[in-house]
Number of protein chains: 2
Amino acid sequence: MGGDVGPPVVIPGAAMALRRHPETEFLLVGNRALIEPELERQPALKAASRVIHTDVAVRMEDKPSQALRHGRKTSSMWLAIDAVKRGEADATVSAGNTGALMAMARFNLKMMAGIDRPAIAAVWPTLRGESIVLDIGASIGGDAKHLATLAVLGSAMARVLFDLERPTVGLLNIGTEEIKGVDEVREAAELLRALDLPHLAFVGFVEGDGIGKGAADVIVTEGFTGNIALKAAEGTARQMGEYLRSAMSRTWRSRIGYLFARDAFQALRDKMDPRKLNGGVFLGLTGIVIKSHGGTDAEGFASAVDVGYDMVRYDLLTKINQTLNRDGTASRL
Amino acid sequence: MGGDVGPPVVIPGAAMALRRHPETEFLLVGNRALIEPELERQPALKAASRVIHTDVAVRMEDKPSQALRHGRKTSSMWLAIDAVKRGEADATVSAGNTGALMAMARFNLKMMAGIDRPAIAAVWPTLRGESIVLDIGASIGGDAKHLATLAVLGSAMARVLFDLERPTVGLLNIGTEEIKGVDEVREAAELLRALDLPHLAFVGFVEGDGIGKGAADVIVTEGFTGNIALKAAEGTARQMGEYLRSAMSRTWRSRIGYLFARDAFQALRDKMDPRKLNGGVFLGLTGIVIKSHGGTDAEGFASAVDVGYDMVRYDLLTKINQTLNRDGTASRL
């Protein structure tokens, strides 16, 4: 029911994801009257899914506390998360209200042992490929221990998503000189160096422009800065796209040039397509919850489902546990 | 002497700036043996300038404390700032070590009445034109009072640079809902609303992607987040440029397209040219100090000189004082 559009995006998106991973099964949680007409158009998805009906839906503008008050145990969002808790589903994917989704996930699924606060991780396109950036807004601020925990969570996700043995991890900071930066970030660097974890190669500080360069597989910062960095970068990408569009339609010569280079522009658009990297991963919870952009289309929602698929298929939670609880890391954090 | 190149960039840059503002006079502070050969090639600049010789130069890798220890009273950086202090110069422009420049400026020039901590402001290109973003790294963290002071400083700079009566000011935050964001940012919003200043129109919170949209003339945040947002955006712009270059050289069709659209690409490059917006402005000090990017060329350095020129010509310090000390604002901060 979530996102700006609801079932007309979510259902075709799920159908696309199913075509890529035909063994997937879907629980579609929400208003049957809105889901079923969409499902009729997707016979393969219909065959692979079950509808769980509820009239209650969290609204995009609800505050987390409101959502919990009105939607606990009844809303589609709650029931979808609850299916993960009860082991009926392996992952929840939602395009709904982020704050409400996090509040419900936290309330219902609880935190993993050794983790106090959840995080949201995003996949960030870079000149080298892709990196994981976290936290992009689940919690604000945090001490060295929190940042080190984010490094553990992010590196587990990088192992899953990029199939790496020992992903590189950098801490976002405002200078590579030792004199700069905040105390927590400096202490987190010392802590990560001291821990010297088998599943995580700490590479030191990374500045804001190092993210796009692909300076590390995982970039760690607290949620306020991470959210602003992500949105500043998204805004800049959109801005560049606008400049390009207006430049290419300025003169007849540029319009002809555009026609010749149409394939190149299409490749560029594909490269910059934010839908392909849709799917913020909630980390630190005892279940897998993926947040799709609310404004995405079916293609973007399918990407979010794909991310959830990967996290389940390649055992995100086990990989987090490997680093955190089997190596005795948690006790040293 | 500052920047990656020194006099071969600074001297031609000053000469360019002089052509745009022929009434400018220059004090060129540094090693005469390096300055004079460059100056010989710029007769107009030579006629409008005086060389102040010193052998001592702050190095790009010096820590601020080292720079102060070794370069106080003797280095070119110190002497340039000192010329402003003594009223011999109206502004200092340096492409040198940012931390050292800030430390020396603070030590020698002191803070304006009513201001505790300095800030660095950058001009950020937006879809509507340009905005001022501060603080981009002069100091880390800060309470509501600090953020409100940044708003005063930034709005004074916007009045100078954009010739506005009452610039709009937004606080960078991670959501426009009242539930989100950090306490300091929320309190700063209340404070700015309560102050209702004549020279500053507070417009509320702005998210990271609002900067590029031009959501406000002035965007306020503390230095850690501001620095990371700026560099993340710069990195993204460079990344988009790389993608575009590689897309346009991929096939013979795209290369032909590029030839036809060459003027459009040139216009785009001009639009995205970071040199045109070079010049971080130090705010809160009793004198005007402009920081040019260390890696810039003569064109970029000339832009930094232009920014200094504007700040002097249109009375930045008076405009800050107007808001801060004449309206009794300082006592309410």
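Nothing here was measured: the structure is a model prediction, and the numbers come from that model. (Residues numbered from 1 in each chain as written. Chains lettered and ligands numbered in written order. Predicted model: local features only at pLDDT ≥ 70, side-chain atom pairs only at ≥ 80, totals over all residues. Heavy atoms only, no water.)

Draft legend 1. Local environment of the packing of aromatic side chains. Applying the stated criterion across every chain, the model contains five aromatic pairs over all chains. With centroids separated by 5.8 Å and ring planes inclined at 5°, the aromatic side chains of Phe260(A) and Phe260(B) adopt a geometry described as stacked. Here Phe260(A) is found in helix H11 (residues 252–260), whereas its partner Phe260(B) is found in helix H11 (residues 252–260) on a different chain. With relative accessibility at 28%, the residue Phe260(B) sits in the partly exposed group. When the ring centre of Phe107(B) is taken as origin, the NZ or CZ atom of Lys110(B), which lies over that ring, is 5.8 Å away. (Phe/Tyr/Trp six-rings, centres within 6.5 Å; stacked < 30°, edge-to-face > 60°. Helix = DSSP H or I, 4+ residues; strand = E, 2+ residues; numbered from the N terminus. Buried < 20%, exposed > 50% of the residue type's maximum accessible area, 1.4 Å probe, protein only. Lys NZ or Arg CZ within 6 Å of the ring centre and 35° of its normal.)

Draft legend 2. Representation of the relation of the copies chain B and chain A in the model. Rotating chain B by 180° and translating it 0.0 Å along the rotation axis places it on chain A, where the RMSD comes to 0.0 Å. On the angle and the small slide along the axis, the relation comes out as a two-fold axis. Within chain B, the C-alpha atom positioned nearest to the axis of rotation is that of Gly257(B), 1.8 Å from it. (Least-squares fit on C-alpha atoms with pLDDT ≥ 70 in both.)

Draft legend 3. Here's a closer look at the sheet that holds strand S6 (residues 168–172) of chain A. Residue and element names in this part refer to chain A. The strand order across the open sheet formed by eight strands is S3-S10-S9-S4-S5-S8-S6-S7, and the pairing between neighbours is mixed. The open sheet has two edge strands with one neighbour each: strand S3 (91–94) and strand S7 (201–206). Taking each pair of neighbouring strands and ignoring which way they run, the sheet shows an average axis angle of 25°. Where S6 meets S7, five bridges bridge the pair, whose relative direction is parallel. Paired with Gly-170 across the two strands is Gly-204, which belongs to S7. (Pairing = 2+ DSSP bridges. Axes fitted to C-alpha atoms, helices over the stretch in contact; angles between N-to-C directions.)

Draft legend 4. The arrangement of the interface of chain B and chain A in detail. Each side of the interface is counted separately: chain B has 56 residues, and chain A has 56 residues. Counting the surface chain B buries against chain A, the share from its top three residues, Ile174(B), Tyr243(B) and Phe260(B), is 13%. Remark: the boundary between chain B and chain A carries four salt bridges. Ionic pairing is found between Lys231(B) and Glu207(A), a salt bridge with its closest N-O pair at 2.4 Å. Here chain B is connected to chain A by 15 residue pairs in polar contact (both at pLDDT 80 or more). Contributions of two or more residues to the side of chain B that touches chain A are made by strand S4 (119–125), helix H9 (208–213), helix H10 (223–248), H11 and helix H12 (262–272) of chain B. Here the element with the most residues in the side of chain B that touches chain A is H10(B); it accounts for 19 residues. Residues belonging to the side of chain B that touches chain A are distributed by class as follows: 30 nonpolar, 14 polar and 12 charged. (Contact = heavy atoms within 4.5 Å. Buried area = accessible area lost by both parts, 1.4 Å probe. Salt bridge = Lys/Arg side-chain N within 4 Å of Asp/Glu carboxyl O. Polar contact = N/O pair within 3.5 Å; in protein donor to acceptor, adjacent residues only side chain to side chain. Nonpolar A, V, L, I, M, F, W, Y, C, P; charged D, E, K, R; others polar.)

Draft legend 5. Geometry of helix H4 (residues 64–71) of chain A. Residues and elements named next belong to chain A. Of the residues making up H4, those classed as buried are Ala-67, Leu-68 and Gly-71. The buried residues of H4 occupy one face: seen down the axis, they fall within an arc of 100°. Residues of H4 that are exposed and angled more than 90 degrees away from the buried face: Arg-69 and His-70. Contacts from the buried residues of H4 go to helix H5 (76–85) and helix H6 (98–109). Lys-73 occupies a position one or two residues after H4 and carries a positive phi of about 70°. (Arc of directions from axis to C-beta.)

Draft legend 6. Spatial organisation of the side chain of Arg159(A). Residues and elements named next belong to chain A. Within the secondary structure, Arg-159 sits in helix H7 (residues 144–162). Salt bridges are absent for the buried Arg-159, whose nearest opposite-charge side chain, Glu-165, sits at 6.1 Å. Separated by 2.7 Å, the side chains of Arg-159 and Gln-322 make a polar contact. In contact with Arg-159, not counting residues within four places along its chain, are Leu-164, Glu-165, Pro-167, His-199, Lys-319, Gln-322 and Thr-323. (Lys, Arg positive; Asp, Glu negative; His and termini not counted.)

Draft legend 7. Quick peek at the pairing of strand S6 (residues 168–172) of chain B. Residues and elements named next belong to chain B. In terms of burial, S6 is a largely internal element, four of the five residues being buried. Note that S6 and strand S8 (residues 218–220) share three bridges and pair parallel. Residue Val-169 lies in a different strand from S8, and its bridge partner there is Val-218.

Draft legend 8. Structural detail: the packing of H11(B) against H12(B). Residue and element names in this part refer to chain B. Direction vectors running N to C along H11 and H12 enclose 75°, while the axes themselves pass 4 Å from each other. What the angle tells us is that H11 and H12 run roughly perpendicular. Packed against H11, whose contacting residues are Tyr-258, Leu-259 and Phe-260, the element H12 presents Arg-262, Phe-265 and Arg-269 at the interface. For the contact of H11 with H12, the per-class residue count stands at four nonpolar, no polar and two charged. (Parallel < 35°, antiparallel > 145°, perpendicular 65-115°, else oblique.)

Draft legend 9. The arrangement of the sheet that holds S8(B) in detail. Residue and element names in this part refer to chain B. Strand order in this open sheet of eight strands is S3-S10-S9-S4-S5-S8-S6-S7, and the pairing throughout is mixed. Of all the strands in the sheet, just strand S3 (91–94) and strand S7 (201–206) have a single pairing partner and so form its edges. Ignoring strand direction, the axes of neighbouring strands in this sheet form an average angle of 25°. When S3 meets strand S10 (residues 288–291), the two strands line up parallel, connected through four bridges. Considered in S10, the bridge of Ala-91 is made with Ile-288.

Draft legend 10. Main features of the pattern of salt bridges. Residues and elements named next belong to chain A. Counted under the stated rule, the structure contains 34 salt bridges over all chains. Put simply, Arg-20 and Asp-306 hold a salt bridge, and the shortest N to O gap is 2.8 Å. With Arg-20 in helix H1 (residues 7–20) and Asp-306 in helix H13 (residues 298–313), this residue pair connects regions lying 286 residues apart in the sequence. Residue classification places Arg-20 among the partly exposed residues on the basis of a relative accessible area of 39%.

Draft legend 11. Molecular detail of a negative patch on the surface. Residue and element names in this part refer to chain A. On the surface, Asp-143, Glu-184, Glu-187 and Glu-190 cluster together to form a negatively charged patch. Assignment of secondary structure puts Glu-190 in helix H8 (residues 183–195). Glu-190 sits in the exposed class, given a relative accessible area of 55%. (Patch = residues over 30% accessible without salt bridge, like charges linked within 9 Å, V, L, I, M, F, W, Y side chains within 5 Å. Areas by Shrake-Rupley, 256 points an atom, 1.4 Å probe, with all protein chains shown as cover. Charge placed at Lys NZ, Arg CZ, Asp CG, Glu CD.)

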